[in-house]
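Now for the letters of each chain:
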Amino acid sequence: MIPDYRKEYGSRAMHVSASSGTQRLDDYFLKLFIDHHLKIGYPGSAKMEGGKAVQKIVDLCLGLNDYIKARGVQEQKSFEQALREVTHEYSLYKPRTFDDGKDAEEYAEIKNHLSEMASHALLGMREYFGNQEIEGEYKRWTDVDGIDVPCMMYLDYASAKRELDLKCTFPTRNPLKKDGTRSWRIPSPRTEPTENQVIQQAVYNKATGLEPALLFVTSKGFEIATAQTTDLLKKDSLDYHFNLVKQRWLVQQNILKNARGNWRTLFDMVQPDFGKILNYHGPDIHKIAQLQWGIE
């Protein structure tokens, strides 16, 4: 049963998630408002869409695209077929226009790395899961004590005992040369997860009991982080980080409840960081934020 006070804030407030628990408070509530009232969402980015593209190539090759648990694995496409389909879809992306061309440059460069990164991701998947039967991404739910709505999760890949989340890191821009051209630095794959990534794994582990892992991929290759390779994915760390995100969900819950469905009251309870809102989401979202917080 969803509490009545949550219904005033739209569908996104009807559940919690690992990602909502790692957002800044101002960003979380601003997104609630934009999704519920304006229904426009935040702008995407070349890197975000690139990560989706790499995962889709993998999914198509493994028969896990648009996965439905009751249906299971579907027809697998060849790597060439999958790459061709996804490359076309990625070509339709329209880069951001509010960052002095940074996103457009990254978009043009990322296109050159989709094939190599997807190939490394497939190798990493095979190394981690072996011959185990794999499930793709679908909506899962769990209840959390003290939180009055369910937690929603999307695990990238899972077997009977293990799960794996795919994380892509794309090339970064080097400073412009004197002739106006630019080179790119291809990073090595990470071996240690970030705090937000540990929180995500903590939520998944608490809900499913599956062994956590992250597959880090760049154009240089892949690394797999597990409880055997990093203390951050061991039980004590997972328990700590789950309690951390649970406390963040509780703060969000208390603010939503105390605002009593009044957006003006809600925004008055949270300090905005207009600089980050502008840099991350652009001038249109920044203007909306200024209006909601009454600061122009």
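In the block above lies the structure referred to throughout.
Residues numbered from 1 in each chain as written. Predicted model: local features only at pLDDT ≥ 70, side-chain atom pairs only at ≥ 80, totals over all residues. Heavy atoms only, no water.

## Re the packing of helix α5 (residues 79-91) against helix α7 (residues 114-129)
Threshold: With axes taken as lines fitted to C-alpha atoms, and helix axes fitted only over the stretch in contact, angles between N-to-C directions fall between 0 and 180 degrees. Put simply, DSSP H or I for four residues or longer makes a helix, DSSP E for two residues or longer makes a strand, and each gets a number counted from the N terminus. Angles below 35 degrees are treated as roughly parallel, those above 145 as roughly antiparallel, those between 65 and 115 as roughly perpendicular, and all remaining angles as oblique. For a crossing to be left-handed, the near helix must be turned anticlockwise from the far one by less than a right angle; the clockwise case is right-handed. The contact criterion used throughout is that any non-hydrogen atoms of two residues lie within 4.5 Å.
Relative orientation of the contacting elements α5 and α7 amounts to 130 degrees, with a least axis distance of 11 Å. The angle between the axes of α5 and α7 places the two elements in the oblique class. Relative to α7, the crossing made by α5 is right-handed. Facing Phe79, Leu83 and Tyr90 of α5, the residues of α7 in contact are Leu114, Ser115, Ala118, Ser119 and Leu122.

## Focus: helix α3 (residues 25-38)
Put simply, the rule reads: By this rule the span expected of a helix is its residue count minus one, scaled by 1.5 Å. Remark: exposure states derive from per-residue accessible area (1.4 Å probe, protein chains only) relative to the maximum for the residue type, with buried under 20%, exposed over 50%, and partly exposed in between.
Here α3 contains 14 residues, and its C-alpha end-to-end distance of 19 Å stays within 8% of the 20 Å for a straight helix at 1.5 Å per residue. Buried within α3 are the following residues: Asp26, Asp27, Tyr28, Phe29, Leu30, Lys31, Leu32, Phe33 and Ile34. Elements that come into contact with the buried residues of α3 comprise α1 (4-7), α2 (18-22), α9 (235-259), α10 (263-268) and α11 (274-293). Backbone geometry just after α3 places lysine 39 at a positive phi near 55 degrees.

## Focus on the pattern of salt bridges
As a reminder of what qualifies: Here, a salt bridge means any Lys or Arg side-chain nitrogen found within 4 Å of an Asp or Glu carboxyl oxygen.
Counted under the stated rule, the structure contains 20 salt bridges. In this structure, glutamate 106 and lysine 102 form a salt bridge, with 2.7 Å as the shortest nitrogen-oxygen distance. With glutamate 106 and lysine 102 both in helix α6 (residues 102-110) and four residues apart, the pair spans about one turn of that helix. The partly exposed category is assigned to lysine 102, whose relative accessible area is 34%.

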